[in-house]
Amino acid sequence: FSAVCLGLAAFAGSLHEDELTLVEGGPTNVSVTELKLGRKTAHIVQFTVGGHSLEYSSSGAKFQEVVKAVAKEEPLQVWVGRNPGLLFNKERETLFKISSNGQPVLAYSDIIDNEEKGETAGWVCGSVSLALGVWIASMWLRARRRYTSWIRLENASQTRSAGF
């Protein structure tokens, strides 16, 4: 588990802003989906711009502003890219930036700041579980050494009492 957390944190990454692809057009196929995650509720807005199917989660920065901009169905400028931090669906494009009528709705820095928070959580989770695993292993080794020493003493005392 700790290796997975640390691996996700280490290999998570983003594209640089100059590596993004600009796509322009009116949003189509707009939908907002509600997901129940235990006691929490998440929302995802899905839409298409210029043939690029995109989605954005309520866990992201400025979610309401993104929903409003997409719902207006006015031309948007969106910057997308294939996020190298995605482990399973590397073909899916990630939304990194949106402008509507030349006005920024979602900035690249908003996305990066939000991703860095997730990376920090991965490092903390991985480090704590790794430390716990090392502590458990050291306790097991300590108990094993004590048991082995006790067995040797028992065998030695039995050998002495038998007269060997």
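These remarks concern the structure in this document. Bear in mind that the values here come from a model prediction, so they are computed numbers and not experimental data.

### Quick notes on the sheet that holds strand β5 (residues 76-82)
The strands that make up a sheet pair up through hydrogen bonds in the backbone, lying either parallel or antiparallel. Read from one edge to the other, the open sheet built from four strands follows the order β1-β5-β6-β7, with strand pairing classed as antiparallel. Edge positions in the open sheet fall to β1 (21-25) and β7 (103-106), since each of these has one partner strand only. Sheet twist, expressed as the mean angle between neighbouring strand axes with direction ignored, is 30 degrees. Note: β5 against strand β6 (residues 93-100), seven bridges, orientation antiparallel. Directly across from arginine 82, in β6, lies its bridge partner glutamate 93. Strands in contact with helix α2 (residues 63-71) are β5, β6 and β7; relative to β7, the strand with the most contacts, it is inclined by about 125 degrees.

### A word on the pairing of β6
Among the eight residues of β6, seven are classified as buried, and the element is accordingly described as predominantly covered. As paired elements, β6 and β7 share three bridges and run antiparallel to each other. Across the sheet, residue serine 100 finds its bridge partner in β7, namely glutamine 103. From the end of β6 to the start of β7, which pair antiparallel, there are two residues, and asparagine 101 there has a positive phi angle of about 55 degrees.

### Describing the nonpolar core
A general feature of soluble globular proteins is that nonpolar side chains tend to end up buried together. Val45, Phe47, Tyr56, Val66, Val78, Leu95 and Ile98 are the most contacted members of the largest nonpolar core, which has 24 residues in total. Elements with a contribution of two residues or more to this core: β3 (40-49), β4 (52-57), α2, β5, β6, β7 and α3 (108-161). Those residues in contact with valine 66 that sit more than four places away from it in its chain are Val45, Tyr56, Ile98, Val105 and Leu106.

Calculation rules
- Residues numbered from 1 in each chain as written.
- Predicted model: local features only at pLDDT ≥ 70, side-chain atom pairs only at ≥ 80, totals over all residues.
- Heavy atoms only, no water.
- Pairing = 2+ DSSP bridges.
- Helix = DSSP H or I, 4+ residues; strand = E, 2+ residues; numbered from the N terminus.
- Axes fitted to C-alpha atoms, helices over the stretch in contact; angles between N-to-C directions.
- Contact = heavy atoms within 4.5 Å.
- Buried < 20%, exposed > 50% of the residue type's maximum accessible area, 1.4 Å probe, protein only.
- Core = buried A, V, L, I, M, F, W, Y, C linked by side-chain atoms within 4.5 Å.

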